[in-house]
Amino acid sequence: MEARRWITNTLDLPAGAPFWYCIESTGTYHFPVLLAFGGEPSVVNPLLAGPTRRKTDVLDARLLSHHSITGLWPASFIPSPEGRILRVLWAERGEAMRNATRATNRINNIILRWGHTFAAAVPVRSAQGLSMVEDLLAGKLPQHPGICPMGLPEAVRPVVSRLVEQYRECAAQAREAQKTALAYVCARKWPTGKGPVEGGG
């Protein structure tokens with residue numbers, strides 16, 4: 001906010017007047033600046049900005065300023081508050097899905113060590129795949145060409161069992177996160193090129 005006041009004073013702008021500026025994209029670290037400055041930002045990927053030969057913040061800022069003044073970078077799309085909320089809600093689902101996939105990948109990695117190749121035809125995360133894993137955990141040999149007669153050593157069964165539980169928890173979290181995100185969408189109007197539409201539509 002102090003930086004914004006300094007800029008508006010230096011440019012002799014009325015208090016609260018919008019202005020155009022350029023800023024490097026830094027993950028989410030630039031968002032506080034966008035919220036404080038308002039106006040029309042051009043958020044630029046640092047890799048596209050063409051770093052200077054001697055890497056210093058002052059030289060990079062000078063080059064970015066030159067690009068901005070010459071109109072190289074157009075104004076960026078900045079998500080609305082509702083859009084930012086939706087991105088967080090949807091990212092929660094994505095994180096849960098990644099964790100679920102990680103768990104089933106580890107299960108497959110372990111059972112392959114004992115010759116069980118059924119996951120090539122029947123995904124571990126499917127109902128049939130999980131059923132076969134649970135049979136192996138119980139010391140049974142399910143009828144499938146990808147099952148090795150060796151079974152699964154008793155010592156590694158607790159590890160696989162924990163991974164199965166982890167998968168189920170993560171899959172449930174992903175479903176819950178999806179419901180939350182969809183409920184958020186349905187409860188609001190969203191902008192389109194033809195005007196706002198109901199989220200349920």
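These figures come from a predicted structure and were not determined experimentally. (Residues numbered from 1 in each chain as written. Predicted model: local features only at pLDDT ≥ 70, side-chain atom pairs only at ≥ 80, totals over all residues. Heavy atoms only, no water.)

(A) Representation of the pattern of salt bridges within the structure. Enumeration over the complete set of coordinates arrives at three salt bridges. For E134, the salt bridge goes to R168, with nearest N and O atoms at 2.8 Å. With E134 in helix α5 (residues 127-137) and R168 in helix α6 (residues 157-186), the pair connects residues that are 34 residues apart, well separated along the chain. Taking relative accessible area as the criterion, E134 reaches 33% and is therefore assigned partly exposed. Here K189 and E198 are joined by a salt bridge, their closest N and O atoms 3.8 Å apart. (Salt bridge = Lys/Arg side-chain N within 4 Å of Asp/Glu carboxyl O. Helix = DSSP H or I, 4+ residues; strand = E, 2+ residues; numbered from the N terminus. Buried < 20%, exposed > 50% of the residue type's maximum accessible area, 1.4 Å probe, protein only.)

(B) View of helix α1 (residues 2-10). The complete set of buried residues in α1 reads R4, I7 and T8. For α1, the angular spread of the buried residues around the axis is 95 degrees, confining them to a single face. Relative to its buried face, α1 has exposed residues pointing more than 90 degrees away, namely E2, W6 and N9. On the buried face of α1, the contacting elements are α2 (31-37). Note on α1: the residue one or two positions beyond its end, D12, has a positive phi of about 55 degrees. (Arc of directions from axis to C-beta. Contact = heavy atoms within 4.5 Å.)

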